[in-house]
Amino acid sequence: MTNAPPPDPTSLPYRPCVGLMLFNREGLVFVARRIDMVSEAWQMPQGGIDPGEAPVDAAFREMGEEIGTRAAEVLAESDDWLDYDLPVELIGKLWRGRYRGQRQKWFALRYLGADDEIDIETETPEFAEWKWVEAPQLPDLIVPFKRDLYAELVKRFGHLAEIARNRG
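K.L.:
Break down the overall build of the protein chain for me, with residues and values.
P.N.:
Along its length, the protein chain carries five helices and eight strands. The helix and strand sequence of the protein chain, counted from the amino end, reads β-β-β-β-α-β-β-α-β-β-α-α-α. Referenced to the eigenvectors of the C-alpha coordinate spread, the extents of the protein chain come out at roughly 60 × 35 × 30 Å. Out of the 168 residues belonging to the protein chain, those deemed buried represent 48%. Long-range contacts, defined as pairs at least 24 residues apart, comprise 73% of the intrachain contacts of the protein chain with a sequence gap of at least 6. A total of about 8900 Å² of accessible surface is found on the protein chain, and carbon and sulfur atoms cover 50% of it.

Structure (structure tokens):
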């Protein structure tokens, strides 16, 4: 019995998702280290959009599922969908090989709660630890195949750190 060749990545669709750039009152951004990664790669909260779910609703649902709180307000939403491709070696390992990467609607949010309200030990934990960082640090913290996306997000939403501070 032979293994079937992997599908051509360009023939696969992107997984529809949301991403959250969550600013605190000091203008810092929430990042967390995935529980299933041995590397020091950090990421912002993100996740899939359920069928029929509005992207903004998915953003708040994912926030609750991943960090245990929904205490935030929307500062901005990306006008378009941003995507990234998985490295070829990961395509068959993630999402049962159904997607080539993710197409994401991103939201900049201002966190309204206190740090002790953040609880990454959720029903299905995704993160091992979390911290607040300056927005320009984000591309250096993420896995290499998402760096361009994170650099774009810093360009688009980085100025909102000042707005998050001023509303404090």
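K.L.:
Account for the packing of aromatic side chains, naming residues and giving values.
P.N.:
Counted under the stated rule, the structure contains six aromatic pairs. Taking 5.4 Å as the distance between ring centres and 25° as the angle between the ring planes, the aromatic pair formed by Phe30 and Trp130 counts as stacked. Here Trp130 lies in strand β8 (residues 127-133) and Phe30 lies in strand β2 (residues 29-34), a separation of 100 residues in the sequence. On the basis of relative accessible area, Phe30 is assigned to the buried category, the value being 0%.

K.L.:
Describe the environment of Arg147, and please don't skip the residues or the numbers.
P.N.:
For Arg147, the location among the structural elements is in helix α4 (residues 147-157). Given a relative accessible area of 35%, Arg147 falls into the partly exposed group. Spatially, the C-alpha atoms of Arg147 and Gln137 are 11 Å apart, while their sequence positions differ by ten residues. In this view, Arg147 contacts Pro139, Asp140 and Ile142; residues no more than four positions away in its chain are not counted. Of the polar contacts made by the side chain of Arg147, one reaches the backbone oxygen of Ile142; its length is 3.4 Å.

K.L.:
Please provide a residue-by-residue account of α4, values included.
P.N.:
Of the positions making up α4, those classed as buried are Leu149, Tyr150, Leu153, Val154 and Phe157. Down the axis of α4, the sector holding all buried residues measures 140°, keeping them to one side. Across from the buried face of α4, at angles greater than 90 degrees, the exposed residues are Asp148 and Lys155.

K.L.:
Break down the side chain of Lys105 for me, citing the residues and quoting the values.
P.N.:
Positionally, Lys105 belongs in strand β7 (residues 101-111). Accessibility expressed as a relative area gives 7% for Lys105, which makes it buried. Not counting residues up to four positions away in its chain, the partners in contact with Lys105 are Cys17, Val18, Gly19, Pro55, Glu77, Ser78, Asp79, Asp80 and Trp81.

Conventions adopted
Residues numbered from 1 in each chain as written. Predicted model: local features only at pLDDT ≥ 70, side-chain atom pairs only at ≥ 80, totals over all residues. Heavy atoms only, no water. Helix = DSSP H or I, 4+ residues; strand = E, 2+ residues; numbered from the N terminus. Buried < 20%, exposed > 50% of the residue type's maximum accessible area, 1.4 Å probe, protein only. Contact = heavy atoms within 4.5 Å. Areas by Shrake-Rupley, 256 points an atom, 1.4 Å probe, with all protein chains shown as cover. Phe/Tyr/Trp six-rings, centres within 6.5 Å; stacked < 30°, edge-to-face > 60°. Polar contact = N/O pair within 3.5 Å; in protein donor to acceptor, adjacent residues only side chain to side chain. Arc of directions from axis to C-beta.

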